[in-house]
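# Survey of secondary and tertiary structure
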Amino acid sequence: MSKFCKFISLFLLLSYTTFAQNNPEKEEWQSLFNGKDLKNWDIKIAGHKVNDNYKNTFIVEDGMIRVNYKEYKTFTTEYGHMYYYKPFSHYRLRLKYRFTGNQVPGGASWNVRNSGIMLHSQSAASLGLDQDFPVSLEMQYLGGLNAGERTTGNLCTPGTIVEVNGKIDQAHCINSTSKTYDGDQWVSAEAIVLGDSIVHHIINGDVVFTFTKPKIGGGYVGKDHDFKAGHFSNAEEWIKKDGTPLTSGYIALQAESHPIDFKDIEILNLQGCMDPKASNYKSYYQSADNKSCKYKK
């Protein structure tokens, strides 16, 4: 090969690499779980301090995060959540989950094959010692019980309230339109979260639930079950925040007494530089953070 041909080949290779790196259409998904350990996640279990992984409720095994109760004799009030350390505002979150085995003795009947992920959640560090659930928007996962329909990708609202079809819905949990998934099969789930405007729940590729205008309010679990009943140490502070829009927050995996596995947890940030002249511009961003823009010198 001549020197000229080598030069052209090198030029084309560098041009392709530069284009690929700066391609505004290319989605840059980030893994939230490294498949090896619980780095970047904070654990908070009711009755225990932050990062006290009581009885190894959360473990990593075979490339999965597993909620397990092998060391429990009985379950009482050890509701747990594991929080990614960084908050997000506009994003797509996708993962796979599956329920396994049997519920630990002592778990409530409504918690059989019941778990979920918390979106726009308060941080692990901000929870009271005995607080059961964080103020958040729960994308609830339910497994079928081989006894009729049981939807998944539902919404539960600890300390929050939303609008469905343009009207405030006071219900604590609202069913989706999903199919029922019996047994221990893997289910793909995705949430598209756009600040305090709109949220979509997707199960196995189908949009099964949509809500808008999430905010703090509606009591803790309905009007008749307030923050004090949820064992908040700062209930009065949350009451004062009633009506505050939920624009961002943390992502948390839930442990509610039935074993569940999570894997392939990835996020696509939809907030970033929206100036097409910047080298880190992405066409799919939905919210501008132009302070993060980078320009070639």
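Residues numbered from 1 in each chain as written. Predicted model: local features only at pLDDT ≥ 70, side-chain atom pairs only at ≥ 80, totals over all residues. Heavy atoms only, no water.

The name an unreviewed UniProt entry assigns to the protein is DUF1080 domain-containing protein, from the organism Dyadobacter frigoris.

## Details of the packing of aromatic side chains
Rules: Pairs were defined over the aromatic rings of Phe, Tyr and Trp, the Trp ring being its six-membered one, requiring ring centres within 6.5 Å. Orientation was assigned from the angle between planes: stacked under 30 degrees, edge-to-face over 60, tilted for the rest. Only DSSP runs of H or I covering at least 4 residues are called helices, and only runs of E covering at least 2 are called strands; the numbering of each starts at the N terminus. Here's how the labels work: a residue is buried when its accessible area is under 20% of the maximum for its type, exposed when over 50%, partly exposed in between, all with a 1.4 Å probe on protein chains only.
Here the structure, examined in full by the defined rule, presents 20 aromatic pairs. Ring plane angle 40° and centroid distance 5.0 Å describe the contact between Tyr79 and Phe133, whose orientation is recorded as tilted. With Tyr79 in the loop between β4 (64-67) and β5 (80-84) and Phe133 in the loop between β7 (114-121) and β8 (137-142), this pair connects stretches of sequence that are 54 residues apart. Here Phe133 falls in the buried class, since its relative accessible area comes to 14%. Each ring, one from Tyr97 and one from Phe99, has its centre 5.9 Å from the other, and the planes form 80°; the classification is edge-to-face.

## What about the confidence of the model for the protein?
Note the cut-off: One number per residue, pLDDT, summarises how confident the predictor is, and it ranges from 0 to 100. Whether two residues touch is decided by their heavy atoms; if any such pair falls within 4.5 Å, the residues are in contact.
In this model, the protein carries an average pLDDT of 92, and 93% of its residues clear a pLDDT of 70 or more. Note that pLDDT drops below 50 for residues 4-20; the model gives that stretch four contacts with residues more than four away or on any other chain.

## Considering the state of the cysteines
What counts is decided by this rule: Criterion for a disulfide: a pair of cysteine sulfur atoms within 2.5 Å.
This model, assessed by the stated rule, comprises two disulfides. Disulfide partner of Cys156: Cys173, at an S-S distance of 2.1 Å. Judged by the sign of its S-S torsion, about 110°, the bond between Cys156 and Cys173 is right-handed. One end of the pair, Cys156, is in strand β9 (residues 154-156); the other, Cys173, is in strand β12 (residues 173-174), and 17 residues separate them in sequence. Classification of Cys156 by relative accessible area gives buried; the value is 3%.

## So, the layout of surface pockets
Basically, it comes down to this: The way it works is a 1 Å grid over only the protein atoms, where trapped points that fit a 1.4 Å probe form a cavity and open points with protein on both sides within 12 Å along at least five of seven lines form a pocket, and then any residue with an atom within 4 Å of a point lines it. Grid points are joined across faces, edges and corners, and a volume is the space filled by probe spheres set on the points. Any residue that is not Ala, Val, Leu, Ile, Met, Phe, Trp, Tyr, Cys, Pro, Asp, Glu, Lys or Arg is counted as polar, Gly included; the first ten are nonpolar and the last four charged.
In this model, the largest pocket occupies a volume close to 190 Å³. Lining the largest pocket are 17 residues, with Trp110, Phe133, His172, Val221 and Glu256 positioned closest to its centre. Classifying every residue of the lining of the largest pocket by side-chain character gives eight nonpolar, six polar and three charged.

## Focus on the pattern of salt bridges
Oppositely charged side chains can form a pair if their charged atoms are brought close together. Stated precisely, the cut-off is as follows: When a carboxyl oxygen of Asp or Glu is within 4 Å of a side-chain nitrogen of Lys or Arg, the pair counts as a salt bridge.
What the rule picks out here adds up to ten salt bridges. Across the pair Glu27 and Arg92 runs a salt bridge whose closest N-O atoms are separated by 3.4 Å. Within this pair, whereas Glu27 is found in the loop between α1 (3-22) and β1 (30-31), its partner Arg92 is found in strand β6 (residues 90-99), the two being separated by 65 residues in sequence. A salt bridge links Glu28 to Lys282, with the nearest nitrogen and oxygen atoms 3.3 Å apart.

## Some points on the pairing of β7
The cut-off we apply is this: Here, any two strands with at least 2 DSSP bridges between them count as paired.
Where burial is concerned, most of β7 is hidden: eight out of the eight residues are buried. Pairing analysis gives six bridges linking β7 to β8, with the strands arranged antiparallel. In the sheet register, Ser115 faces β8, and the bridge partner there is Tyr141. Pairing analysis gives three bridges linking β7 to strand β16 (residues 250-255), with the strands arranged antiparallel. Counterpart to Ser121 in the pairing with β16 is Tyr250.

## Quick word on the environment of Tyr69
Its place among the elements puts Tyr69 in the loop between β4 and β5. Judged by relative accessible area, which is 8%, Tyr69 ranks as buried. Measuring from C-alpha to C-alpha, the distance between Tyr69 and Asn102 comes to 9.8 Å, with 33 residues separating the pair along the chain. Setting aside chain neighbours within four positions, we find Tyr69 in contact with Thr57, Phe75, Val104, Ala255, Glu256, Ser257, His258 and Pro259.

## Brief notes about unusual backbone geometry
Positive phi outside glycine occurs at Asn40, with the angle close to 75°. With relative accessibility at 34%, the residue Asn40 sits in the partly exposed group.

## Some details on the side chain of Gln122
Heads up, the condition is: Polar contact is defined as a pair of N or O atoms within 3.5 Å, subject to the rule that within protein one atom must be able to donate a hydrogen and the other to accept it, and that residues adjacent in sequence are counted only when both atoms are side-chain atoms.
Here Gln122 shows up in the loop between β7 and β8. You can call Gln122 buried: its relative accessible area is 7%. A polar atom in the side chain of Gln122 sits 2.9 Å from the side chain of Ser126. Reaching out from Gln122, the side chain makes a polar contact with the backbone nitrogen of Val135 at a distance of 2.9 Å. For Gln122, the residues in contact, after removing those within four places along its chain, are Tyr83, Leu127, Gln131, Pro134, Val135, Phe232, Trp238 and Tyr250.

## Looking at the sheet that holds β7
Strand order across the open sheet formed by seven strands is β2-β5-β16-β7-β8-β9-β12, with antiparallel pairing between neighbours. Each edge of the open sheet is held by one strand with a lone partner, namely β2 (41-45) and β12. Strand direction decides the pairing type here: β2 and β5, joined by five bridges, are antiparallel. Note on β5: the bridge partner recorded for Ile43 is Met82.

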